[in-house]
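# Residue-level structural notes
Now for the letters of each chain:
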Amino acid sequence: MRIGIGYDIHRFRAGGTLRLGGIEVPDAPQLDGHSDGDGLIHAIIDALLGAAGEGDIGQHFPPGDPSTAGIDSRELLTRVVRLVVSRGYRVHNVDATVVAERPRLGAHLAAMRDSLARCLGVPASSVNVKATTNERLDALGSGEALAAMAVALLEEEVP
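Now for a look at the structure at hand. (Residues numbered from 1 in each chain as written. Predicted model: local features only at pLDDT ≥ 70, side-chain atom pairs only at ≥ 80, totals over all residues. Heavy atoms only, no water.)

The strand order across the open sheet formed by four strands is β1-β6-β4-β5, and the pairing between neighbours is mixed. This sheet does not close on itself; its edge strands, each paired only once, are β1 (2-11) and β5 (127-132). The sheet shows a mean angle of 15° between the axes of neighbouring strands, direction not considered. The pairing of strand β4 (residues 89-99) with strand β6 (residues 145-156) spans ten bridges and is antiparallel. Within β6, the residue paired with Thr97 across the bridge is Met149. Sheet contacts for helix α1 (residues 39-52): β1, β4, β5 and β6; angle to β1, the most-contacted strand, approximately 150°. (Pairing = 2+ DSSP bridges. Helix = DSSP H or I, 4+ residues; strand = E, 2+ residues; numbered from the N terminus. Axes fitted to C-alpha atoms, helices over the stretch in contact; angles between N-to-C directions. Contact = heavy atoms within 4.5 Å.)

Looking now at the packing of helix α3 (residues 73-86) against helix α4 (residues 109-120). Between two packed helices, the angle of one axis relative to the other and the distance separating the axes together describe the packing. Axis separation between α3 and α4 bottoms out at 8 Å; the angle between their running directions is 40°. Put simply, α3 runs oblique to α4. Side by side, α3 and α4 meet where Arg74, Leu77, Thr78 and Val81 of the first sit next to Ser115, Leu116, Cys119 and Leu120 of the second. (Parallel < 35°, antiparallel > 145°, perpendicular 65-115°, else oblique.)

Further remarks concern the pattern of salt bridges. Overall, the coordinates contain eleven salt bridges when judged by the stated rule. With its nearest N and O atoms 2.6 Å apart, the salt bridge here joins Asp72 to Arg74. By relative accessible area, which is 24% here, Asp72 ends up partly exposed. With a relative accessible area of 28%, Arg74 lands in the partly exposed category. A salt bridge links Asp114 to Arg113; the shortest N-O distance between them is 3.9 Å. Arg113 sits in the partly exposed class, given a relative accessible area of 31%. Taken together, the shared-partner salt bridges connect Arg19, Glu24 and Asp36 into one network. (Salt bridge = Lys/Arg side-chain N within 4 Å of Asp/Glu carboxyl O. Buried < 20%, exposed > 50% of the residue type's maximum accessible area, 1.4 Å probe, protein only.)

Right, let's talk about the pairing of β4 for a bit. Two elements, β4 and β5, share six bridges in a ladder whose sense is parallel. Note on β5: the bridge partner recorded for Val98 is Ala131. In this view, the connection linking β4 to its parallel neighbour β5 by way of α4 has right-handed handedness. (Right-handed = clockwise from strand over helix to strand, strands pointing away.)

Our focus in this paragraph is the nonpolar core. Ranked by internal contacts, the top residues of the largest apolar core, which has 47 residues, are Leu20, Leu40, Ile44, Leu48, Leu77, Met112 and Leu120. Of all elements in the fold, only β2 (18-20), β3 (23-25), α1, α3, β4, α4, β5 and β6 reach the threshold of two or more residues within this core. At ten residues, α1 tops the list of elements feeding residues into this core. When residues no more than four places from it in sequence are discounted, the contact partners of Ile44 are Leu77, Val94, Ala96, Leu116, Leu120 and Ala150. (Core = buried A, V, L, I, M, F, W, Y, C linked by side-chain atoms within 4.5 Å.)

This brings us to the packing of aromatic side chains. Summed over the entire model, instances satisfying the criterion amount to zero aromatic pairs. Sitting above the plane of the Phe12 ring, Arg102 keeps its charged end 4.5 Å from the centroid. (Phe/Tyr/Trp six-rings, centres within 6.5 Å; stacked < 30°, edge-to-face > 60°. Lys NZ or Arg CZ within 6 Å of the ring centre and 35° of its normal.)

See the structure below:
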């Protein structure tokens, strides 16, 4: 078994629609980022890469790479899962937390979990997504940004 952690933070930008955990969250501004800005998926990607000893998201998908500009982060996650599997591991489970004052995410967590489970190739019961606030402290608490952290557990495939 191998464990990895991931963290990501993005500012909100005017316009667009928030994509988080692979779903669209209505009535919420988009996150600023080179791809679609899905900070939850980015944190999970870093957790998976860390567990596999494969560096970080910036090494695999550099922010200036035109081939990933505006890309759906679910595609990036799918690529990372393929890499992890090619290294002899399989995803056992993922636990993640989103930190944001806005939007309220409780009604969307199950859909995020299902979306992430499909990308990870695991049952929804192997994915947990939680949301909390930052108690109105700093850029997260003022609603300027959203952060996510994740932990991933990989199992070595038995040949």
